[in-house]
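These are the residues of each chain, in order.
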Amino acid sequence: MTTFLAILVTGLGTYLSRSIFILSLANRRIPPMVRAALEYVAPAVLGALVVTMLVTPEGKIALGYAEVLALATAGAVALRTRNHILTLVAGMAVFWIVRTIT
Amino acid sequence: MSGEGATLKTAIGDALPVFVPAIPFALVLGVAIMRSGIDPLLAWSSSLIIYGGASQLTLITLLGEGAAGAAAITAALIVNARHLMYSAAMAPTFQQQPAWFRWIGSYFLIDQVFALGMLRINDDPRNFRIYYLAVGVTFWLLWVITTAFALWLGPLVPLDWGIGFAVPILFLGLLVMGIDRWPKAAAALAAALVTLVAADLPHRSGLLVGALAGVVTGVLLERLKA
């Protein structure tokens with residue numbers, strides 16, 4: 001029961017974190033400066049997320065040739081094609097090939 | 001009518017490849033649940049109630065290790081704190097939507113839905129709504145089903161096949177596709193560097209510091225340009 005309570009509280013907190021500004025700013029004028037700043041949330045969080053995924057729990061960065069080449073390929077394919085499937089396939093193909101031959 | 005169908009198709013077509021990296025994550029969660037000693041069905045209910053892989057993993061792992069409930073909840077919520085930024089970033093777009101959509105849409109606002117949705121904020125409101133809901137519901141269904149299967153499959157599947165690397169690859173793709181001017185690239189780079197430097201901070205809170213640094217960098221550069 002306490003486990004269920006912990007899940008429930010975390011669930012409520014998570015919903016709150018996702019809804020709080022969407023609901024509270026629904027009918028309010030958002031100042032242009034804030035609006036401009038919000039445009040940078042997506043690139044900033046995604047940049048931070050990618051790094052977080054490449055760092056071990058001990059805070060060390062885990063990058064070899066395979067990872068670097070795969071990320072470079074994926075970035076280039078995403079830029080050119082704007083296609084999620086191609087980005088995934090190209091990135092993982094390079095990752096697996098380089099990992100196998102090195 | 002054909003416009004709606006096309007939007008729906010595009011949305012599901014975008015959601016499927018973006019979901020692929022969530023599969024190994026679901027398997028890891030399955031392993032964590034089986035190891036935690038928590039009733040599997042009860043632990044799986046977190047997929048419905050919390051609906052956020054990283055925070056579910058944090059909560060289940062800590063509870064399984066015997067951590068106090070309050071400590072486990074706090075850690076899980078810190079992991080999820082980036083959603084505050086998503087909520088703020090989506091607020092202007094959601095202003096043009098009906099109230100019911102703001103309440104329901106908020107529930108679906110996970111990393112991937114946010115990243116895909118941000119690429120569509122200039123669509124007309126009706127199209128955006130259809131796209132966002134289709135991506136959100138597809139993702140939610142897949143997550144609920146996959147994490148259920150993971151309870152049985154997780155302990156059986158070897159996790160050293162490296163498919164976990166699909167996660168940073170897809171997020172990098174989402175990042176690149178959203179960059180339409182150079183201050184955004186600079187913001188992403190600044191966020192990445194600061195996150196790297198702050199990697200030691202507990203509960204992945206380095207991510208929040210890094211993201212904030214990225215936003216500040218972007219705003220400053222845009223002001224400099226203007």
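On a predicted model such as this, the values are computed, not experimentally measured, just so you know.

Thoughts on the overall build of chain A
A tally of regular secondary structure across chain A gives 5 helices and 0 strands. Helices and strands in chain A line up, N terminus first, as α-α-α-α-α. Taking 13 Å as the expected radius of gyration for a compact globule of 102 residues, we find that chain A reaches 20 Å, considerably beyond that expectation. Taken along its principal axes, the extent of the C-alpha atoms in chain A is 55 × 45 × 25 Å. Burial analysis of chain A (102 residues in total) assigns 42% to the buried set.

A look at the interface of chain A and chain B
Residue-level contacts link 61 residues of chain A with 76 residues of chain B. Secondary-structure elements contributing two or more residues to the side of chain A that touches chain B are helix H1 (2–24), helix H2 (32–38), helix H3 (41–54), helix H4 (65–81) and helix H5 (84–101) of chain A. Counting residues per element, the side of chain A that touches chain B draws most heavily on H1(A), which supplies 19 residues. Each residue belonging to the side of chain A that touches chain B can be placed in one class, and the counts come to 41 nonpolar, 15 polar and 5 charged.

As for helix H5 (residues 69–79) of chain B
When we look at burial in H5(B), the residues that qualify are B:Ala72, B:Ile73, B:Ala75, B:Ala76, B:Leu77 and B:Val79. Those residues of H5(B) that are buried are in contact with H1 of chain A together with helix H4 (53–64) of chain B.

Some remarks on the packing of H3(A) against helix H11 (residues 182–197) of chain B
Where H3(A) contacts H11(B), the two axes come as close as 7 Å, and the packing angle between them is 35°. Helix-helix and strand crossings are classified by hand; for H3(A) and H11(B) the assignment is right-handed. Of H11(B), the residues touching H3(A) (which contributes A:Pro43, A:Ala44, A:Leu46, A:Gly47, A:Ala48, A:Val50, A:Val51 and A:Thr52) are B:Lys184, B:Ala187, B:Ala188, B:Leu189, B:Ala191, B:Ala192, B:Thr195 and B:Leu196. Here the contact of H3(A) with H11(B) is composed, by residue class, of 12 nonpolar, 3 polar and 1 charged.

Digging into the environment of B:Gly117
Residues and elements named next belong to chain B. If you trace the backbone, glycine 117 turns up in helix H8 (residues 111–118). Under the C-beta neighbour-count criterion, glycine 117 is labelled buried, with 25 such atoms within 10 Å. Expressed as a C-alpha distance, the spacing of glycine 117 and glycine 154, which sit 37 residues apart in the sequence, is 30 Å. Not counting residues within four places of it along the chain, the set of residues in contact with glycine 117 comprises Met90 and Tyr132.

As for unusual backbone geometry
The phi dihedral of A:Arg82 is positive, around 50°, even though this residue is not glycine. For A:Arg82, the position within the fold is in the loop between H4 and H5. Of the residues examined, A:Arg82 has 13 C-beta atoms within 10 Å and is grouped as partly exposed. A positive phi angle, near 50°, is found at B:Tyr51, a position not held by glycine. Relative to the helices and strands, B:Tyr51 resides in the loop between helix H3 (40–49) and H4.

Some remarks on the nonpolar core
In terms of nonpolar packing, the biggest core is built from 102 residues, with A:Val41, A:Ala44, A:Leu46, B:Ile169 and B:Ala191 touching the most fellow members. With 10 residues, the top contributor of residues to this core is H3(A). Counting the residues that make up this core, at least three belong to each of domain 1 (2–178) and domain 2 (180–226) of chain B. Beyond its immediate chain neighbours, meaning those up to four positions away, B:Ala191 contacts A:Ala44, A:Gly47, A:Ala48, B:Gly210, B:Ala211, B:Ala213 and B:Gly214.

A word on the environment of A:Val89
Residue and element names in this part refer to chain A. For valine 89, the position within the fold is in helix H5. By C-beta crowding, valine 89 is classed as partly exposed, having 17 other C-beta atoms within 10 Å. Sequence spacing of valine 89 and phenylalanine 21 is 68 residues, and the spatial spacing of their C-alpha atoms is 36 Å.

Focus: the confidence of the model for chain B
For chain B, mean pLDDT is 89; residues scoring 70 or higher make up 96% of the total. Of all secondary-structure elements in chain B, the lowest mean pLDDT belongs to helix H2 (residues 22–36) of chain B, at 85, while helix H7 (residues 99–107) of chain B reaches the highest, 97.

How each quantity is defined
- Residues numbered from 1 in each chain as written.
- Chains lettered and ligands numbered in written order.
- Predicted model: local features only at pLDDT ≥ 70, side-chain atom pairs only at ≥ 80, totals over all residues.
- Helix = DSSP H or I, 4+ residues; strand = E, 2+ residues; numbered from the N terminus.
- Rg over C-alpha atoms; globule rule 2.2 N^0.38 Å.
- Buried ≥ 20, exposed ≤ 12 C-beta atoms within 10 Å, placed from the backbone.
- Contact = placed C-beta atoms within 7 Å.
- Nonpolar A, V, L, I, M, F, W, Y, C, P; charged D, E, K, R; others polar.
- Axes fitted to C-alpha atoms, helices over the stretch in contact; angles between N-to-C directions.
- Left-handed = near helix turned anticlockwise from the far one by under 90°.
- Core = buried A, V, L, I, M, F, W, Y, C linked by C-beta atoms within 7 Å.
- Domains from an automatic or database assignment.
- pLDDT = per-residue confidence, 0-100.

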